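# Inside the fold
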Amino acid sequence: MSLKSTFKGFLGETVINVAMWLKLEKDVYHRLNGITLPRANGGSTQIDHIIVSVYGIFVIETKNYKGWIYGKETQRQWTQSFPNRSKFKFQNPLRQNYLHIKTLADLLDLELGYFHSMIAFIGECELKTRDELPEHVLTSGMVSYVKKKQDKLLTEDEVTSIVEQIESNRFSKSWRTNRQHKAYLKDKHSNPSKNTDNPPPESTVKETVRRPILKSREVQRWSGQTEIESSELPIDSFSTQ
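Okay, so let's go over this structure.

About the criteria used
Residues numbered from 1 in each chain as written. Predicted model: local features only at pLDDT ≥ 70, side-chain atom pairs only at ≥ 80, totals over all residues. Heavy atoms only, no water. Core = buried A, V, L, I, M, F, W, Y, C linked by side-chain atoms within 4.5 Å. Buried < 20%, exposed > 50% of the residue type's maximum accessible area, 1.4 Å probe, protein only. Helix = DSSP H or I, 4+ residues; strand = E, 2+ residues; numbered from the N terminus. Expected span 1.5 Å × (residues − 1). Polar contact = N/O pair within 3.5 Å; in protein donor to acceptor, adjacent residues only side chain to side chain. Salt bridge = Lys/Arg side-chain N within 4 Å of Asp/Glu carboxyl O.

Moving on, we get to the nonpolar core. The biggest cluster of nonpolar side chains holds 38 residues, and the ones touching the most others in it are Ile50, Val52, Ile57, Leu104, Phe115 and Ile166. Breaking this core down by element, the ones donating at least two residues are strand S1 (30-38), strand S2 (44-53), strand S3 (56-63), helix H2 (93-108), strand S7 (115-121), helix H3 (142-148) and helix H4 (156-169). If one sorts the elements of this core by residue count, H2 sits on top with 6 residues. Residues Tyr65, Ile69, Phe121 and Cys125 belong to the second largest nonpolar core, which totals 11 residues.

In structure tokens form, the structure reads like this:
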């Protein structure tokens, strides 16, 4: 990836950060960005944005793409197309974000009903298959989507506890963390038959504090995509998290 495209990606992330964070009350919506977490079977996963509130936990996967986007909820890969007829495949972000949510659910010992999946295309692109995609695949209206969720799923104390658990289990933001996460992904996808119990980006994984009290509460049915096996996930041509 060139320095120019890297800068554009960073700029896109900055735009969504500023746009969303300025419109979401800090005392209601607790925001975390660029979270790298350990996976239960070894390795790590990177989550672009997490918003924790009494209305649930929003997990946001961002894609800074241009061109036309074609895809369906059940497809393994989607397609990015340009007027010059060039095409590129990339991993279905719904599947990608499901893996992120499963990692968080396992870490926090929560049911999937506490989570809201969001896919945010923030570049100058058009979803050509809009009617074939769920409502949480967005090119605009991210703040409106978050604020539309008004069913209280968590108490204020539980929100505080969840934020603390994520912060205490995340790997430090560093060039080393990013490098080792990318190395893990490269090894994982180039050796599909290899044992996936690889060491995470840090030498020691912090012990997770479990909060089973939340398990007994009735929550809404999970509205995200169908569960898939992580081993089925193909490598993303643009961003593998």
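On to H2. Every α-helix winds through 3.6 residues per turn, so residues three or four apart in the chain are directed the same way. Taking 1.5 Å per residue as the helical rise, H2 with its 16 residues ought to reach 22 Å, and the 22 Å between its terminal C-alpha atoms agrees with that figure. The buried fraction of H2 is high, at 14 of 16 residues. Here H2 starts with a cap whose side-chain oxygen sits 2.8 Å from the backbone nitrogen of Leu94, and that cap is Asn92. Phi turns positive, to about 60 degrees, at Asp109, one or two residues after H2.

On to the pattern of salt bridges. Tallied over the full model, the rule gives 6 salt bridges. Salt-bridge contacts for Lys128 lead to Glu126; the nearest nitrogen and oxygen are separated by 3.6 Å. In this structure Glu126 comes out as partly exposed when scored by relative accessible area, which is 40%. The shortest N-O distance in the salt bridge between Glu135 and Lys148 comes to 3.1 Å. Linking Glu135 in the loop between strand S8 (125-127) and strand S9 (137-138) with Lys148 in helix H3, this pair joins segments that are 13 residues apart in sequence.

This next bit is on the environment of Ser172. Its location among the elements puts Ser172 in the loop between H4 and helix H5 (175-190). Counting along the chain gives 136 residues from Ser172 to Thr36, while the straight-line C-alpha distance between them is 7.8 Å.

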